[in-house]
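Spelled out, the chains give:
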Amino acid sequence: MARPMLDPAYKALRLAKARQEAAKLNRRTPPQVYACASAHGRVYLRYEPHRGKKVVLRSSFPSVAFDAELLALRQGLIPTIVTTTKQTKPRTPVNRDGTWRWLCEAYFESACFRAYMVRDQRVRRGVLTRTWDAPLIPGELSSPVFGNMPLAEFRTKAVLTLQGRFAAMQTMPDSMYPDMRSKDRLRPSKPEAGNSVVRYIRNVLDWALSDHSDLIGNRNWAKEVKYYPQGDGHQTWGTDQCSAFETTHSQGTRERLIYDLALLTGQRLSDISRLGPSMIDQDEHGKRLRFRQAKGRAKNPVNAYVPLFPELEAALTAAKNAGILGDDTFIVKPSGGNYTSESLANLFRDGCRRAGIKGYSMHGLRKTAVVNLIKLGCTVHEIMAITGHRSPKEVDRYGREYAREIAAENVFKAWITKRSSTLVEQS
(Lines give C-alpha, C1' and ligand atoms only; values in the text may rest on other atoms or scores of the structure.)
Protein backbone atom coordinates (compact mmCIF):
# COMPACT_ATOMS: atom_id res chain seq x y z
CA MET A 1 0.00 0.00 0.00
CA ALA A 2 1.15 3.41 -0.83
CA ARG A 3 1.56 5.73 2.09
CA PRO A 4 -0.84 8.77 2.00
CA MET A 5 0.93 12.12 1.67
CA LEU A 6 0.11 15.54 3.11
CA ASP A 7 -1.81 17.84 0.81
CA PRO A 8 0.93 19.41 -1.42
CA ALA A 9 -0.80 22.78 -1.54
CA TYR A 10 -1.09 22.94 2.25
CA LYS A 11 2.53 21.81 2.67
CA ALA A 12 3.83 24.44 0.23
CA LEU A 13 1.82 27.20 1.94
CA ARG A 14 3.12 26.20 5.36
CA LEU A 15 6.74 26.23 4.11
CA ALA A 16 6.29 29.64 2.45
CA LYS A 17 4.92 31.11 5.67
CA ALA A 18 7.86 29.71 7.67
CA ARG A 19 10.33 31.26 5.22
CA GLN A 20 8.64 34.63 5.59
CA GLU A 21 8.91 34.44 9.38
CA ALA A 22 12.59 33.43 9.09
CA ALA A 23 13.31 36.40 6.81
CA LYS A 24 11.73 38.83 9.30
CA LEU A 25 13.62 37.27 12.19
CA ASN A 26 16.97 37.53 10.38
CA ARG A 27 16.70 41.33 10.53
CA ARG A 28 16.90 41.20 14.33
CA THR A 29 19.27 38.33 15.06
CA PRO A 30 22.86 39.08 16.17
CA PRO A 31 25.85 38.33 13.93
CA GLN A 32 26.55 34.70 13.08
CA VAL A 33 22.98 33.73 14.06
CA TYR A 34 20.57 32.91 11.27
CA ALA A 35 16.89 31.96 11.23
CA CYS A 36 16.05 29.01 8.94
CA ALA A 37 12.87 27.27 7.83
CA SER A 38 12.71 23.48 8.01
CA ALA A 39 10.96 21.27 5.48
CA HIS A 40 8.17 20.76 8.04
CA GLY A 41 7.36 24.49 8.15
CA ARG A 42 9.14 25.28 11.43
CA VAL A 43 11.52 28.17 12.16
CA TYR A 44 14.72 27.57 14.11
CA LEU A 45 17.89 29.57 14.89
CA ARG A 46 21.37 28.38 13.99
CA TYR A 47 24.76 29.65 15.17
CA GLU A 48 27.37 29.59 12.37
CA PRO A 49 30.92 30.36 13.60
CA HIS A 50 33.73 31.23 11.21
CA ARG A 51 35.36 27.94 12.05
CA GLY A 52 33.77 24.79 13.39
CA LYS A 53 30.42 23.16 12.90
CA LYS A 54 27.04 24.86 12.99
CA VAL A 55 24.91 24.55 16.10
CA VAL A 56 21.13 24.80 16.43
CA LEU A 57 20.15 27.13 19.28
CA ARG A 58 17.56 25.77 21.67
CA SER A 59 16.61 28.93 23.57
CA SER A 60 13.85 31.23 22.39
CA PHE A 61 14.80 34.61 20.90
CA PRO A 62 14.93 37.21 22.35
CA SER A 63 15.54 36.10 25.93
CA VAL A 64 18.19 36.07 28.65
CA ALA A 65 18.65 32.33 28.13
CA PHE A 66 19.35 32.95 24.43
CA ASP A 67 22.06 35.53 25.24
CA ALA A 68 23.69 33.14 27.74
CA GLU A 69 23.62 30.23 25.26
CA LEU A 70 25.12 32.34 22.47
CA LEU A 71 27.86 33.71 24.75
CA ALA A 72 28.82 30.19 25.83
CA LEU A 73 29.03 29.01 22.23
CA ARG A 74 31.25 31.93 21.24
CA GLN A 75 33.58 31.14 24.14
CA GLY A 76 33.76 27.49 23.11
CA LEU A 77 31.86 26.26 26.14
CA ILE A 78 28.93 23.87 26.42
CA PRO A 79 25.91 26.09 27.10
CA THR A 80 23.56 25.41 29.99
CA ILE A 81 19.96 25.70 28.87
CA VAL A 82 17.74 27.43 31.39
CA THR A 83 14.10 26.73 30.75
CA THR A 84 11.61 29.37 31.78
CA THR A 85 7.94 28.85 32.30
CA LYS A 86 5.68 31.24 30.41
CA GLN A 87 2.77 32.77 32.21
CA THR A 88 -0.13 32.06 29.93
CA LYS A 89 -3.83 32.10 30.42
CA PRO A 90 -5.32 28.69 31.13
CA ARG A 91 -6.90 27.28 28.03
CA THR A 92 -10.56 26.53 27.99
CA PRO A 93 -10.98 22.80 27.47
CA VAL A 94 -12.38 21.97 24.07
CA ASN A 95 -15.16 19.41 23.98
CA ARG A 96 -14.26 17.03 21.14
CA ASP A 97 -16.96 14.47 21.89
CA GLY A 98 -18.96 13.52 18.83
CA THR A 99 -16.22 14.43 16.32
CA TRP A 100 -14.50 12.25 13.75
CA ARG A 101 -11.30 12.17 15.80
CA TRP A 102 -13.19 11.19 18.94
CA LEU A 103 -14.85 8.30 17.09
CA CYS A 104 -11.52 7.04 15.74
CA GLU A 105 -9.93 7.16 19.20
CA ALA A 106 -12.83 5.16 20.60
CA TYR A 107 -12.45 2.69 17.73
CA PHE A 108 -8.73 2.24 18.54
CA GLU A 109 -9.69 1.10 22.05
CA SER A 110 -12.35 -1.34 20.85
CA ALA A 111 -12.02 -5.12 20.69
CA CYS A 112 -12.83 -4.95 16.98
CA PHE A 113 -9.67 -2.94 16.29
CA ARG A 114 -7.48 -4.98 18.62
CA ALA A 115 -8.45 -8.16 16.79
CA TYR A 116 -6.17 -7.09 13.92
CA MET A 117 -2.51 -8.03 13.86
CA VAL A 118 -0.07 -5.50 15.29
CA ARG A 119 1.15 -4.54 11.83
CA ASP A 120 -2.40 -4.04 10.55
CA GLN A 121 -3.23 -1.94 13.60
CA ARG A 122 -0.25 0.29 12.93
CA VAL A 123 -1.18 0.78 9.27
CA ARG A 124 -4.84 1.54 10.00
CA ARG A 125 -4.02 3.87 12.87
CA GLY A 126 -1.51 5.76 10.72
CA VAL A 127 -3.96 6.30 7.86
CA LEU A 128 -6.88 7.31 10.07
CA THR A 129 -4.85 9.75 12.18
CA ARG A 130 -3.67 11.47 9.01
CA THR A 131 -7.27 12.24 8.14
CA TRP A 132 -7.57 14.30 11.34
CA ASP A 133 -5.12 16.98 10.16
CA ALA A 134 -6.49 17.23 6.61
CA PRO A 135 -7.94 20.76 6.17
CA LEU A 136 -11.48 21.23 4.92
CA ILE A 137 -10.24 24.03 2.64
CA PRO A 138 -6.91 23.06 1.04
CA GLY A 139 -4.25 25.76 1.00
CA GLU A 140 -5.50 27.66 4.08
CA LEU A 141 -3.61 27.28 7.35
CA SER A 142 -6.56 28.59 9.36
CA SER A 143 -8.99 26.10 7.81
CA PRO A 144 -10.84 23.69 10.13
CA VAL A 145 -9.66 20.09 9.92
CA PHE A 146 -11.59 16.86 9.44
CA GLY A 147 -10.63 15.62 12.89
CA ASN A 148 -12.82 18.28 14.52
CA MET A 149 -15.76 17.73 12.18
CA PRO A 150 -18.94 16.69 14.04
CA LEU A 151 -20.17 13.23 13.13
CA ALA A 152 -23.49 14.76 12.07
CA GLU A 153 -21.58 16.40 9.18
CA PHE A 154 -19.20 13.52 8.42
CA ARG A 155 -21.09 12.17 5.46
CA THR A 156 -20.43 10.83 1.97
CA LYS A 157 -19.04 14.14 0.72
CA ALA A 158 -16.41 14.16 3.48
CA VAL A 159 -15.30 10.61 2.63
CA LEU A 160 -15.14 11.49 -1.07
CA THR A 161 -12.97 14.51 -0.30
CA LEU A 162 -10.55 12.49 1.80
CA GLN A 163 -10.38 9.80 -0.87
CA GLY A 164 -9.40 12.37 -3.50
CA ARG A 165 -6.81 14.01 -1.24
CA PHE A 166 -5.05 10.77 -0.38
CA ALA A 167 -5.22 9.51 -3.98
CA ALA A 168 -3.43 12.70 -5.17
CA MET A 169 -5.73 13.50 -8.07
CA GLN A 170 -3.81 14.82 -11.09
CA THR A 171 -4.57 15.78 -14.66
CA MET A 172 -2.84 13.01 -16.60
CA PRO A 173 -2.51 12.38 -20.36
CA ASP A 174 -4.25 9.48 -22.06
CA SER A 175 -1.82 6.60 -22.64
CA MET A 176 -3.30 6.04 -26.11
CA TYR A 177 -3.13 9.74 -27.07
CA PRO A 178 -0.22 11.16 -25.04
CA ASP A 179 0.22 14.25 -27.25
CA MET A 180 -3.44 15.33 -27.34
CA ARG A 181 -4.20 17.67 -24.45
CA SER A 182 -7.92 17.43 -25.18
CA LYS A 183 -7.78 13.78 -24.08
CA ASP A 184 -6.30 14.61 -20.66
CA ARG A 185 -8.42 13.71 -17.67
CA LEU A 186 -8.34 13.96 -13.89
CA ARG A 187 -7.08 10.67 -12.49
CA PRO A 188 -5.75 9.41 -9.15
CA SER A 189 -1.98 9.05 -9.21
CA LYS A 190 -2.17 6.86 -6.06
CA PRO A 191 -5.50 5.03 -6.30
CA GLU A 192 -4.63 2.43 -3.67
CA ALA A 193 -3.96 5.16 -1.09
CA GLY A 194 -7.38 6.65 -1.72
CA ASN A 195 -9.06 3.26 -1.56
CA SER A 196 -7.31 2.46 1.72
CA VAL A 197 -8.79 5.57 3.31
CA VAL A 198 -12.29 4.58 2.22
CA ARG A 199 -11.76 0.98 3.37
CA TYR A 200 -10.59 1.98 6.85
CA ILE A 201 -13.33 4.59 7.28
CA ARG A 202 -15.85 1.87 6.37
CA ASN A 203 -14.45 -0.27 9.17
CA VAL A 204 -14.79 2.55 11.69
CA LEU A 205 -18.38 3.32 10.69
CA ASP A 206 -19.28 -0.39 10.66
CA TRP A 207 -18.14 -0.60 14.26
CA ALA A 208 -19.96 2.64 15.12
CA LEU A 209 -23.25 1.23 13.83
CA SER A 210 -23.48 -0.94 16.94
CA ASP A 211 -22.30 1.54 19.59
CA HIS A 212 -22.88 5.03 18.18
CA SER A 213 -25.47 4.51 15.46
CA ASP A 214 -27.42 7.64 16.46
CA LEU A 215 -24.37 9.86 15.95
CA ILE A 216 -23.74 8.65 12.38
CA GLY A 217 -27.39 8.54 11.33
CA ASN A 218 -27.66 4.72 11.38
CA ARG A 219 -25.75 4.57 8.13
CA ASN A 220 -22.29 3.69 6.89
CA TRP A 221 -21.69 6.65 4.60
CA ALA A 222 -18.37 5.32 3.34
CA LYS A 223 -20.10 2.37 1.63
CA GLU A 224 -21.65 4.84 -0.80
CA VAL A 225 -18.17 5.79 -2.05
CA LYS A 226 -16.84 3.60 -4.87
CA TYR A 227 -13.27 2.42 -5.01
CA TYR A 228 -10.96 3.70 -7.73
CA PRO A 229 -10.27 1.06 -10.41
CA GLN A 230 -6.91 -0.64 -9.94
CA GLY A 231 -6.25 -1.56 -13.55
CA ASP A 232 -4.54 -4.85 -14.32
CA GLY A 233 -2.42 -4.87 -11.17
CA HIS A 234 0.82 -6.87 -11.22
CA GLN A 235 2.10 -7.73 -14.67
CA THR A 236 2.12 -11.38 -15.68
CA TRP A 237 5.58 -12.72 -16.44
CA GLY A 238 6.02 -13.75 -20.05
CA THR A 239 8.49 -16.04 -21.78
CA ASP A 240 11.07 -13.25 -22.20
CA GLN A 241 11.09 -12.32 -18.52
CA CYS A 242 11.25 -15.95 -17.35
CA SER A 243 14.10 -16.74 -19.76
CA ALA A 244 16.08 -13.67 -18.66
CA PHE A 245 15.75 -14.58 -14.97
CA GLU A 246 16.59 -18.26 -15.50
CA THR A 247 19.64 -17.33 -17.59
CA THR A 248 20.97 -14.93 -14.96
CA HIS A 249 20.27 -17.11 -11.92
CA SER A 250 21.01 -20.82 -12.24
CA GLN A 251 19.52 -23.47 -9.99
CA GLY A 252 21.31 -23.69 -6.68
CA THR A 253 21.05 -19.95 -5.91
CA ARG A 254 18.62 -18.34 -3.47
CA GLU A 255 17.19 -16.04 -6.12
CA ARG A 256 16.42 -19.00 -8.40
CA LEU A 257 14.89 -20.95 -5.52
CA ILE A 258 12.53 -18.06 -4.76
CA TYR A 259 11.64 -17.86 -8.45
CA ASP A 260 10.99 -21.62 -8.77
CA LEU A 261 8.85 -21.75 -5.63
CA ALA A 262 6.77 -18.77 -6.80
CA LEU A 263 6.31 -20.09 -10.34
CA LEU A 264 5.75 -23.77 -9.54
CA THR A 265 3.52 -23.34 -6.48
CA GLY A 266 1.58 -20.20 -7.44
CA GLN A 267 1.67 -18.91 -3.87
CA ARG A 268 1.85 -15.43 -2.42
CA LEU A 269 4.98 -13.89 -0.95
CA SER A 270 3.68 -14.37 2.60
CA ASP A 271 3.47 -18.15 2.01
CA ILE A 272 6.66 -18.62 0.00
CA SER A 273 8.69 -17.37 2.97
CA ARG A 274 6.98 -20.04 5.15
CA LEU A 275 7.20 -23.09 2.87
CA GLY A 276 9.31 -25.87 4.35
CA PRO A 277 9.90 -29.64 4.48
CA SER A 278 7.35 -30.08 7.29
CA MET A 279 4.57 -29.12 4.86
CA ILE A 280 5.32 -32.01 2.47
CA ASP A 281 2.60 -34.65 2.64
CA GLN A 282 2.90 -38.02 0.86
CA ASP A 283 0.18 -40.55 0.05
CA GLU A 284 -0.63 -43.07 -2.68
CA HIS A 285 -1.09 -40.24 -5.18
CA GLY A 286 2.39 -38.80 -4.64
CA LYS A 287 4.00 -35.90 -2.80
CA ARG A 288 2.40 -32.53 -2.29
CA LEU A 289 2.69 -29.41 -0.19
CA ARG A 290 -0.22 -29.03 2.19
CA PHE A 291 -0.54 -25.92 4.35
CA ARG A 292 -2.89 -23.16 5.48
CA GLN A 293 -2.33 -19.88 3.66
CA ALA A 294 -1.35 -16.79 5.64
CA LYS A 295 -3.85 -14.44 4.00
CA GLY A 296 -7.25 -14.55 5.67
CA ARG A 297 -6.19 -17.19 8.18
CA ALA A 298 -8.12 -15.47 10.99
CA LYS A 299 -11.50 -14.97 9.26
CA ASN A 300 -11.54 -17.08 6.08
CA PRO A 301 -8.86 -19.79 6.37
CA VAL A 302 -7.94 -21.60 3.15
CA ASN A 303 -5.84 -24.74 2.75
CA ALA A 304 -3.64 -25.10 -0.33
CA TYR A 305 -2.69 -28.44 -1.90
CA VAL A 306 0.29 -28.06 -4.25
CA PRO A 307 1.61 -31.16 -6.06
CA LEU A 308 5.37 -31.56 -5.89
CA PHE A 309 5.97 -31.35 -9.64
CA PRO A 310 9.19 -32.90 -11.00
CA GLU A 311 10.48 -29.40 -11.83
CA LEU A 312 9.88 -28.31 -8.22
CA GLU A 313 11.62 -31.40 -6.85
CA ALA A 314 14.57 -30.72 -9.15
CA ALA A 315 14.79 -27.13 -7.87
CA LEU A 316 14.74 -28.30 -4.23
CA THR A 317 17.36 -30.98 -4.97
CA ALA A 318 19.65 -28.41 -6.62
CA ALA A 319 19.27 -26.09 -3.64
CA LYS A 320 20.06 -28.95 -1.25
CA ASN A 321 23.18 -29.92 -3.20
CA ALA A 322 24.30 -26.28 -3.12
CA GLY A 323 23.85 -26.21 0.66
CA ILE A 324 21.26 -23.41 0.73
CA LEU A 325 18.14 -25.47 1.53
CA GLY A 326 16.91 -24.99 5.08
CA ASP A 327 15.52 -27.52 7.52
CA ASP A 328 12.72 -25.33 8.88
CA THR A 329 11.94 -23.37 5.71
CA PHE A 330 13.19 -23.98 2.19
CA ILE A 331 14.68 -20.47 1.89
CA VAL A 332 17.09 -19.46 4.66
CA LYS A 333 19.63 -16.68 5.11
CA PRO A 334 23.36 -17.39 4.71
CA SER A 335 23.61 -17.02 8.50
CA GLY A 336 20.89 -19.65 8.95
CA GLY A 337 17.95 -17.47 9.98
CA ASN A 338 14.60 -17.31 8.24
CA TYR A 339 13.64 -14.51 5.87
CA THR A 340 10.69 -12.25 6.57
CA SER A 341 8.32 -11.49 3.71
CA GLU A 342 9.82 -8.01 3.32
CA SER A 343 13.45 -9.15 3.28
CA LEU A 344 12.60 -11.96 0.84
CA ALA A 345 10.94 -9.43 -1.47
CA ASN A 346 14.06 -7.25 -1.37
CA LEU A 347 16.28 -10.21 -2.26
CA PHE A 348 14.04 -11.14 -5.19
CA ARG A 349 13.89 -7.51 -6.33
CA ASP A 350 17.69 -7.37 -6.44
CA GLY A 351 17.68 -10.58 -8.48
CA CYS A 352 15.27 -9.03 -10.99
CA ARG A 353 17.45 -5.94 -11.22
CA ARG A 354 20.54 -8.00 -12.03
CA ALA A 355 18.54 -9.87 -14.69
CA GLY A 356 17.45 -6.57 -16.27
CA ILE A 357 13.77 -7.14 -15.45
CA LYS A 358 11.82 -3.99 -14.62
CA GLY A 359 8.16 -3.54 -13.77
CA TYR A 360 7.59 -7.18 -12.76
CA SER A 361 7.07 -8.42 -9.22
CA MET A 362 6.93 -11.79 -7.49
CA HIS A 363 3.12 -11.65 -7.44
CA GLY A 364 3.22 -11.56 -11.24
CA LEU A 365 4.65 -15.09 -11.12
CA ARG A 366 1.47 -16.16 -9.33
CA LYS A 367 -0.48 -15.02 -12.38
CA THR A 368 1.95 -16.86 -14.65
CA ALA A 369 1.41 -20.02 -12.61
CA VAL A 370 -2.35 -19.75 -13.13
CA VAL A 371 -1.84 -19.29 -16.88
CA ASN A 372 0.44 -22.35 -17.01
CA LEU A 373 -2.20 -24.45 -15.21
CA ILE A 374 -4.82 -23.26 -17.70
CA LYS A 375 -2.53 -24.33 -20.55
CA LEU A 376 -2.30 -27.79 -18.99
CA GLY A 377 -6.08 -28.05 -19.20
CA CYS A 378 -6.74 -27.90 -15.45
CA THR A 379 -10.25 -27.04 -14.38
CA VAL A 380 -11.03 -23.93 -12.36
CA HIS A 381 -11.55 -25.89 -9.16
CA GLU A 382 -8.29 -27.76 -9.64
CA ILE A 383 -6.49 -24.44 -9.99
CA MET A 384 -8.27 -23.07 -6.90
CA ALA A 385 -7.10 -26.06 -4.86
CA ILE A 386 -3.47 -25.24 -5.72
CA THR A 387 -3.48 -21.42 -5.61
CA GLY A 388 -5.98 -21.07 -2.76
CA HIS A 389 -8.32 -18.69 -4.58
CA ARG A 390 -11.77 -18.58 -3.00
CA SER A 391 -13.85 -18.03 -6.13
CA PRO A 392 -13.61 -18.88 -9.85
CA LYS A 393 -13.91 -15.17 -10.58
CA GLU A 394 -10.42 -14.54 -9.19
CA VAL A 395 -8.92 -17.31 -11.31
CA ASP A 396 -10.71 -15.93 -14.36
CA ARG A 397 -9.25 -12.49 -13.66
CA TYR A 398 -5.71 -13.90 -13.59
CA GLY A 399 -6.08 -15.90 -16.81
CA ARG A 400 -8.36 -13.50 -18.66
CA GLU A 401 -5.85 -12.25 -21.23
CA TYR A 402 -4.64 -15.74 -22.05
CA ALA A 403 -8.24 -16.91 -22.40
CA ARG A 404 -8.85 -14.07 -24.86
CA GLU A 405 -5.87 -15.16 -26.96
CA ILE A 406 -7.04 -18.79 -26.99
CA ALA A 407 -10.58 -17.71 -27.91
CA ALA A 408 -9.25 -15.60 -30.79
CA GLU A 409 -7.18 -18.52 -32.06
CA ASN A 410 -10.19 -20.85 -31.90
CA VAL A 411 -12.28 -18.36 -33.85
CA PHE A 412 -9.56 -18.08 -36.48
CA LYS A 413 -9.30 -21.88 -36.79
CA ALA A 414 -13.08 -22.20 -37.06
CA TRP A 415 -13.17 -19.53 -39.73
CA ILE A 416 -10.40 -21.26 -41.72
CA THR A 417 -12.17 -24.64 -41.44
CA LYS A 418 -15.52 -23.22 -42.52
CA ARG A 419 -13.93 -21.23 -45.34
CA SER A 420 -12.10 -24.31 -46.61
CA SER A 421 -15.29 -26.40 -46.60
CA THR A 422 -17.17 -23.66 -48.45
CA LEU A 423 -14.51 -23.49 -51.16
CA VAL A 424 -14.62 -27.28 -51.55
CA GLU A 425 -18.40 -27.20 -51.97
CA GLN A 426 -18.19 -24.41 -54.56
CA SER A 427 -15.61 -26.29 -56.57
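Above this text is the structure in question.
Note that the structure is a prediction, hence the values are computed from the model and not measured. (Residues numbered from 1 in each chain as written. Predicted model: local features only at pLDDT ≥ 70, side-chain atom pairs only at ≥ 80, totals over all residues. Heavy atoms only, no water.)

Visitor: Give me the lowdown on the sheet that holds strand E7 (residues 286–292), citing residues and values where you can.
Guide: Pairing in this open sheet of 3 strands is antiparallel, and the strands run E6-E7-E8 from one edge to the other. A strand with exactly one partner marks an edge of an open sheet, and here the two such strands are strand E6 (280–283) and strand E8 (303–307). Neighbour to neighbour, the strand axes of the sheet diverge by 35° on average, direction disregarded. Alignment of E6 against E7, held across 4 bridges, turns out to be antiparallel. Bridge pairing links Asp281 to Arg288 in E7. (Pairing = 2+ DSSP bridges. Helix = DSSP H or I, 4+ residues; strand = E, 2+ residues; numbered from the N terminus. Axes fitted to C-alpha atoms, helices over the stretch in contact; angles between N-to-C directions.)

Visitor: A description of unusual backbone geometry should follow, citing residues and the corresponding values.
Guide: Going from Phe61 to Pro62, the amide bond is cis rather than trans, its omega being -5°. Of note, Gln32 is a non-glycine position whose phi angle comes to about 70°, a positive value. By secondary structure assignment, the location of Gln32 is in the loop between helix H1 (8–25) and strand E1 (33–37). Residue Asn218 is not a glycine yet carries a positive backbone phi of 55°. Topologically, Asn218 is positioned in the loop between helix H7 (191–211) and helix H8 (239–248).

Visitor: Could you give an account of the nonpolar core, naming the residues involved and the relevant values?
Guide: With 39 residues, the main nonpolar core has Trp237, Phe245, Tyr259, Leu261, Leu289, Ile331 and Phe348 as its most contacted residues. By residue number, the principal contributor to this core is helix H9 (residues 254–265), which donates 6 residues. Apart from residues no more than four positions distant in its own chain, Trp237 is found in contact with Cys242, Phe245, Tyr259, Phe348, Cys352, Ile357, Tyr360, Ser361, Gly364, Leu365 and Thr368. Grouped together as the second largest cluster of nonpolar side chains are 31 residues, Phe108, Met149, Ile216 and Ala222 included. (Core = buried A, V, L, I, M, F, W, Y, C linked by side-chain atoms within 4.5 Å. Buried < 20%, exposed > 50% of the residue type's maximum accessible area, 1.4 Å probe, protein only. Contact = heavy atoms within 4.5 Å.)

Visitor: Requested: an account of the pairing of strand E2 (residues 43–47), with residues and values cited.
Guide: Of the strand pairs in this sheet, E1 and E2 are connected by 5 bridges, and their pairing is antiparallel. Opposite Cys36, over in E2, you have Tyr44 as the bridge partner. Connecting E1 to the next strand, E2, in antiparallel fashion are 5 residues, including Gly41 with a positive phi near 80°. The pairing of E2 with strand E3 (residues 55–57) spans 3 bridges and is classified as antiparallel.

Visitor: Explain H1 residue by residue, including any values.
Guide: Under the 1.5 Å per step criterion, the end-to-end length of H1 is 26 Å for 18 residues, consistent within 8% with the ideal 26 Å. Tyr10, Leu15, Ala18, Ala22 and Leu25 are the residues of H1 that are buried. Down the axis of H1, the smallest arc covering the buried residues is 130°, so these residues share one side. Projecting away from the buried face of H1 at angles above 90 degrees are the exposed residues Arg19, Gln20 and Lys24. Contacts from the buried residues of H1 go to E1 and E2. (Expected span 1.5 Å × (residues − 1). Arc of directions from axis to C-beta.)

Visitor: Describe in detail the pattern of salt bridges, supporting the description with residues and values.
Guide: Enumeration according to the criterion identifies 14 salt bridges in this entry. Note that Glu109 is salt-bridged to Arg114, the shortest N-O span being 2.8 Å. When sorted by exposure, Glu109 lands in the same class as Arg114, which is exposed. With its nearest N and O atoms 3.6 Å apart, the salt bridge here joins Arg199 to Glu192. In this structure Arg199 comes out as partly exposed when scored by relative accessible area, which is 29%. (Salt bridge = Lys/Arg side-chain N within 4 Å of Asp/Glu carboxyl O.)

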